[in-house]
Amino acid sequence: MELMVEEQRSAEERRIEEAIAHDDIAISVRGVRNAFGQQVVHDGLDLDVRRGEILGVVGGSGTGKSVLMRSIIGLQTPEAGEITVFGEPMIGRLDDEALAIRKRWGVLFQGGALFSTLTVAENIEVPIREYYPNIGATLRDEIAAYKIRMTGLPAEAGPKFPSELSGGMKKRAGLARALALDPDLLFLDEPTAGLDPIGAAAFDEQTRKLQQTLGLTVFLITHDLDTLYSICDRVAVLADRKVIAVGTIEELLATDHPWIQEYFNGPRGRAATAAANKATDGRR
Ligand SMILES: Nc1ncnc2c1ncn2[C@@H]1O[C@H](COP(=O)(O)OP(=O)(O)OP(=O)(O)O)[C@@H](O)[C@H]1O
């Protein structure tokens, strides 16, 4: 269900659509510096996210994964550097200036961040109300119902409040809200945190399926090694205030950075490798 009707599209929106269709780099981050008082979180951070990939973002606690995501989506203003999304500069752009690009992404924040006083359907409708105030209640409800189905939630979830949902259902409701505007870019901050392994694997599978069918570019922050092995095309590693390496897991394993070796070759990393190899063998 495409929300964007032809006459609503401004010249800027058309330019962004062109970029989305043709640019190979969805997000470009160059020389970004973020600091909170004396604490420097990023310094000279560079990263490219390729169009159509799932990029996993990993790093120790506090290395600034969420701050990086917030910088890209304009919730945090870096002290220095450049960030473009589909060629549009993001730093220092006022909310309404970057509106056309903001409509093209969806965000699932850590913990889901659903509005507790709104039902699932009402939560999904929030971005539609905000960005497309002319869309009527009936169409809004239809879109919400469609997104509920799309993320694997039962139809009965629509009128429920977040407090009535399981952890996995809350994540799916958050994902449904992130997909409300048919985005091209999806930001997921630790989507499988707090889910049991079966729920986490199902969520990963849903993410992969949606990414493939909708042609999404996904920026995915995670600590979950299984997620990295099962659905990420490439992985970016944050350490020492920068992205110290980015590539496939195989490419990362060929580097000799101690954190990367410890992370992927530690006991949990080895278990995830074995599970991934078993899954690949099973598919042959
Ligand atoms: N608004 C803020 N004010 C002050 N410090 C902040 C703010 N936001 C983040 N920080 C600090 O920046 C650092 C990076 O935080 P961030 O949440 O990005 O880490 P992370 O890599 O996502 O960690 P985790 O894996 O634990 O979620 C932390 O030390 C955090 O305390």
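Predicted model only: the values in this text are computed from it and were never measured.

Thresholds, definitions, all that
- Residues numbered from 1 in each chain as written.
- Predicted model: local features only at pLDDT ≥ 70, side-chain atom pairs only at ≥ 80, totals over all residues.
- Domains from an automatic or database assignment.
- Contact = placed C-beta atoms within 7 Å.
- Helix = DSSP H or I, 4+ residues; strand = E, 2+ residues; numbered from the N terminus.
- Nonpolar A, V, L, I, M, F, W, Y, C, P; charged D, E, K, R; others polar.
- Near = placed C-beta within 6 Å.
- Pairing = 2+ DSSP bridges.
- Axes fitted to C-alpha atoms, helices over the stretch in contact; angles between N-to-C directions.
- Core = buried A, V, L, I, M, F, W, Y, C linked by C-beta atoms within 7 Å.
- Buried ≥ 20, exposed ≤ 12 C-beta atoms within 10 Å, placed from the backbone.

Hey, could you run me through the domain arrangement of the protein in this one?
The accessible area lost on association of the parts is a frequent measure of interface size. As far as domains go, the protein holds domain 1 (23–104 + 183–284) and domain 2 (111–182). Taken together, the contact pairs 9 residues of domain 1 with 10 residues of domain 2. Counting residues per element, the side of domain 1 that touches domain 2 draws most heavily on helix α7 (residues 197–214), which supplies 3 residues. Within the side of domain 1 that touches domain 2, the residues separate by chemical class into 5 nonpolar, 3 polar and 1 charged.

I tried to follow the site of the ligand on my own but got confused; where do I start?
The immediate surroundings of the ligand are formed by Phe 36, Val 41, Gly 59, Ser 61, Gly 62, Thr 63, Gly 64, Lys 65, Ser 66 and Val 67. Taken together, the residues that form the shell around the ligand break down as 3 nonpolar, 6 polar and 1 charged.

Got a minute to help me understand the sheet that holds strand β3 (residues 54–59) in this structure?
Within a beta sheet, neighbouring strands are joined by backbone hydrogen bonds and run either parallel or antiparallel to one another. Ordered by their spatial adjacency, 6 strands build an open sheet running β6-β7-β8-β3-β9-β10, and the pairing between neighbours is mixed. In this open sheet, the two edge strands, each paired with only one partner strand, are β6 (105–108) and β10 (242–247). Between one strand axis and the next, the sheet turns by 15° as a mean value, whatever way the strands run. Bridge analysis of strand β9 (residues 234–239) against β10 gives 5 bridges, and the strand direction is antiparallel. Along β10, the bridge assignment pairs Ala 236 with Val 246. Of the strands in this sheet, β3, β7 (185–189), β8 (217–221) and β9 touch helix α2 (residues 65–72), which is tilted by about 145° from β8. The strands touched by helix α6 (residues 167–178) within the sheet are β6 and β7, with β6 carrying the most contacts at an inclination of about 165°.

Which parts of the structure should I look at to understand the sheet that holds strand β4 (residues 80–85)?
Taken together, 4 strands build an open sheet; the order of strands is β2-β1-β4-β5 and the sheet is antiparallel. The open sheet is flanked by β2 (39–50) and β5 (88–89), the only strands paired with a single partner. For β4 and β5, the ladder comprises 2 bridges, and the chain directions are antiparallel. Residue Val 85 lies in a different strand from β5, and its bridge partner there is Glu 88. Sheet strands touched by α2: β1 (25–36), β2 and β4. Its angle to β1, the strand with the most contacts, is close to 120°.

Help me understand the nonpolar core, please; the structure alone is not making it clear to me.
Burial of nonpolar side chains together is a common tendency in soluble globular proteins. Among the nonpolar cores identified, the biggest contains 68 residues, and Leu 55, Phe 187, Phe 219 and Leu 220 are the most heavily contacted of them. Domain assignment of the residues forming this core places at least three in each of domain 1 (23–104 + 183–284) and domain 2 (111–182). When neighbours within four sequence positions are excluded, Phe 219 is seen to be in contact with Ile 27, Val 49, Leu 55, Val 57, Met 69 and Phe 187.

Would you mind showing me how to read the pairing of β2 here?
Within a regular strand, the side chains alternate between the two sheet faces. Sheet topology note: the β1/β2 ladder contains 8 bridges and is antiparallel. Bridged to Ile 27 within β2 is Val 49.

How do you make sense of unusual backbone geometry when you look at a structure like this?
The phi dihedral of Asp 240 is positive, around 50°, even though this residue is not glycine. Along the chain, Asp 240 falls in the loop between β9 and β10. Overall, Asp 240 belongs to the exposed group, with 12 C-beta atoms counted inside 10 Å. The backbone phi angle of Arg 241 is positive, close to 70°, even though this residue is not glycine. Along the chain, the position of Arg 241 falls in the loop between β9 and β10.

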